[in-house]
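Now for the letters of each chain:
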Amino acid sequence: MHDHDVEARGPVMEAPATPAPHAAEAPDLGLLRVFRDDGSADPATDPGLPPHVLLRAYREMKRVRLIDTRMMLLQRQGRIHFAGECRGQEATPIATGLVLEREDWVFPALRESAIMLVRGFPLKSYIAQYFGNAGDVLKGRQMPSHMSGRAVNQVAWSSCMATQLPHAVGAAWAAKMRKDRSVVLGFVGDGGTSEPDFHNALNFAGVFKVPCVLVCQNNHWAISVPAGKQTASPTFAVKGRAYGVPSVRVDGNDVLAVYRVVSDAVARARSGGGPTFIESVTYRMGAHSSSDDPTRYRAQEEVDTWAQRDPIVRLRRHLVHRGLLDEAEEAALEDGLMAEISAAIQEVEALGPPARETLFDDVYAELPWHLAEQRAEVLANRPHPGSFVNDGGVREPPQTPPGR
């Protein structure tokens, strides 16, 4: 990695030792950037992605934002129970997805699910997880917005903060012991850095030099707790240095900068150079989740300030600057994505719940005899399509809607 990307011998890239800044101040010092205000790229830091990759990055970022917008609307309509959007934070998951190879593993937090889509996970299966129905590969067993999929090596996470980081480091240790070339990515929010699991993971990664990249998406708010009250350290990146892990801060709203930093860190891990800790400085534009009201703890002026640094707007400005996108192409892209998402929602929402017999799946490699008997009983008493079991346990025939 370049000397200005990762601290290996000298100090970590960070601001001078001043109190942790308030979110509205948008700290600049120490952040690696590529984009300039006019839409051009700084040749000193530009990763030099070809046009088709730039356009794909833009498409993926637009798609996840449109998905998030629709899911929040569906939740408000009572059609799904919960949604957690990553609006304003799209650069980090999309850049990461573009960097990773097929054998690499991801241990996400709440706002990295879109990595799955970049790596080829089907859109319909992704949306089905919000509904938890028969189209959901997790068979309705997880909370909505907690996607995972073995097909793309993305591991399920819990809503308990930072618990995924020791898992990520452990998986990286296994990769090192097996001498395979897999790299493991683990994600956490700024609030998760206050959890013991964060420190356990960084210490283990530093001691055993495992092939992992740990990323903190510092979006400035852990629900209602601002970053300035989360730590007295001038940055979150400095915490990696304390454990002997090379660390870097990057502008998390600059997709090219994130791509460069993650790409260099992954290459370093894959070559046996050990772990890297990345602080991606970004901002959560929306609520923490559909259960949150951010107007109760932060000012709209702060949100408006960060909206001017929208990662999608910045990438669009760069594409226009390079002559890779115009208004007609932008409109066609958005229309196509909206149609794709609407069609997927329509098809997925029509599916029924997971089959009852799936209760017995994925528990044992070989089903014990007593569960095999219970499964057979469930199959033998499967309700007729359209019927239901009433409160008294009696199966009733399908009901004909009034006026039909």
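All of the points below concern the structure found in this document. Within each chain, residue numbers correspond to sequence positions counted from 1 in written order. Two thresholds apply to this predicted model, a pLDDT of at least 70 for residue-level local features and 80 or more for giving and counting side-chain atom pairs, whereas whole-chain, interface and lining totals are computed over all residues. Each side-chain value is worked out from all heavy atoms of the structure, with water and hydrogens disregarded.

1. Details of the overall build of the chain
Next, step 1: Secondary structure elements are taken from DSSP: a helix is a run of H or I of four residues or more, a strand is a run of E of two residues or more, and numbering for both begins at the N terminus. Scanning the chain from terminus to terminus reveals twelve helices and nine strands.
Next, step 2: Exposure is judged per residue with a 1.4 Å probe applied to protein chains only, and the accessible area is read against the type maximum: over 50% gives exposed, under 20% gives buried, and values in between give partly exposed. Expressed as a percentage of its 404 residues, the buried residues of the chain come to 51%.
Next, step 3: Note on areas: Shrake-Rupley with a 1.4 Å probe; residue coverage comes only from the protein chains shown. With the model as given, the accessible surface of the chain reaches about 18,700 Å², and the carbon-plus-sulfur share is 54%.

2. Considering helix α5 (residues 164-178)
Next, step 1: Across its 15 residues, α5 extends 21 Å between first and last C-alpha, which sits within 8% of the 21 Å expected from 1.5 Å per residue.
Next, step 2: Buried within α5 we find Q164, L165, A168, V169, A172 and A175. One face of α5 carries all of its buried residues, which in axial projection span an arc of 135°. With respect to the buried face of α5, the exposed residues turned more than 90 degrees away are M177 and R178.
Next, step 3: The secondary structure elements touched by the buried residues of α5 are β1 (105-107), β2 (184-189), α6 (196-208) and β3 (212-218).
Next, step 4: Residue K179 follows α5 closely and has a positive phi angle near 60°. The span one expects for a helix is its residue count, reduced by one, times 1.5 Å. The reported arc concerns the directions from the helix axis to the C-beta atoms and nothing else. Working rule for contacts: check all heavy atoms of both residues, and any pair within 4.5 Å makes them a contact.

3. Looking at the packing of aromatic side chains
Next, step 1: Stacked, tilted and edge-to-face pairs are distinguished by plane angle, under 30 degrees for stacked and over 60 for edge-to-face with tilted covering the rest, among Phe, Tyr and Trp rings (Trp via its six-membered ring) whose centres lie within 6.5 Å. Counted under the stated rule, the structure contains seven aromatic pairs.
Next, step 2: Between W173 and F208, the ring centres sit 5.2 Å apart and the planes meet at 40°, which makes this aromatic pair tilted. Residue W173 is located in helix α5, and its partner F208 is located in helix α6; the two are separated by 35 residues in the primary sequence.
Next, step 3: On the basis of relative accessibility, which here comes to 35%, the residue F208 falls in the partly exposed class.
Next, step 4: On the basis of an interplanar angle of 35° and a centroid distance of 4.5 Å, the ring pair of F204 and F208 is categorised as tilted. Highlighted residues: F204 and F208, both in helix α6, separated by four residues, approximately one helical turn.
Next, step 5: For a Lys NZ or an Arg CZ to count as sitting over a ring, it must be within 6 Å of the ring centre and within 35 degrees of the ring normal. One Lys or Arg, R309, reaches over the ring of W306 and ends 5.0 Å from the middle of that ring.

4. Observations regarding the pattern of salt bridges
Next, step 1: Every case where a carboxyl oxygen of Asp or Glu lies within 4 Å of a side-chain nitrogen of Lys or Arg is listed as a salt bridge. Considering all chains together, one arrives at 27 salt bridges under this definition.
Next, step 2: As a salt-bridge pair, R65 and D310 come within 2.6 Å of each other at their nearest N and O atoms. Taken as a pair, R65 in helix α1 (residues 51-76) and D310 in the loop between α9 (300-307) and α10 (311-321) lie far apart in primary sequence, 245 residues in all.
Next, step 3: What makes R65 buried here is its relative accessible area of 17%.
Next, step 4: Taking the relative accessible area as the measure of exposure, D310 reaches 13% and is therefore buried.
Next, step 5: R382 serves as the salt-bridge partner of E357, at 2.7 Å between the closest nitrogen and oxygen.

5. Section: the sheet that holds strand β7 (residues 276-281)
Next, step 1: Note: two strands are recorded as paired if DSSP finds a minimum of 2 bridges between them. Ordered by their spatial adjacency, five strands build an open sheet running β1-β2-β3-β7-β6, and the pairing between neighbours is parallel. Looking along the sheet, the strands with just one partner apiece sit at the ends: β1 and β6 (247-251). The average angle at which neighbouring strand axes cross in this sheet is 20°, direction not considered.
Next, step 2: With six bridges connecting them, β2 and β3 associate as parallel partners. Axis angles are defined between N-to-C directions and span 0 to 180 degrees, where every axis is a line fitted to C-alpha atoms and, for a helix, only to the segment in contact.

6. Some points on a nonpolar patch on the surface
Next, step 1: Taken together, the side chains of W173, M177, V207 and F208 present a nonpolar region at the surface, about 400 Å² in accessible area.
Next, step 2: Position of V207 relative to the elements: it lies in helix α6.
Next, step 3: Taking relative accessible area as the criterion, V207 reaches 53% and is therefore assigned exposed. Only residues above 30% relative accessible area that lack a salt bridge enter a patch, with like-charged residues linked at up to 9 Å and the nonpolar side chains Val, Leu, Ile, Met, Phe, Trp and Tyr linked at up to 5 Å.

7. Focus on the pairing of β7
Next, step 1: The buried count for β7 comes to six of six residues, which makes it a mostly enclosed element.
Next, step 2: Along β7, one buried face is formed by T276, I278 and S280 and the opposite face, lined by F277, E279 and V281, is buried too.
Next, step 3: Relative to β7, β3 is paired through six bridges, and the arrangement is parallel. Counted as the bridge partner of V215 is I278 from β7.
Next, step 4: Examined bridge by bridge, β6 and β7 share five bridges and lie parallel to one another. Directly across from V250, in β7, lies its bridge partner S280.

8. Examining the pairing of β2
Next, step 1: Of all six residues in β2, five are buried, a share of seventy percent or more.
Next, step 2: Examined bridge by bridge, β1 and β2 share three bridges and lie parallel to one another. Residue W105 lies in a different strand from β2, and its bridge partner there is V184.
Next, step 3: Of the crossover connections in this fold, the one passing from β2 over α6 to the parallel β3 is right-handed. When the strands point away from the viewer and the path from the first strand over the helix to the second turns clockwise, the crossover is right-handed.

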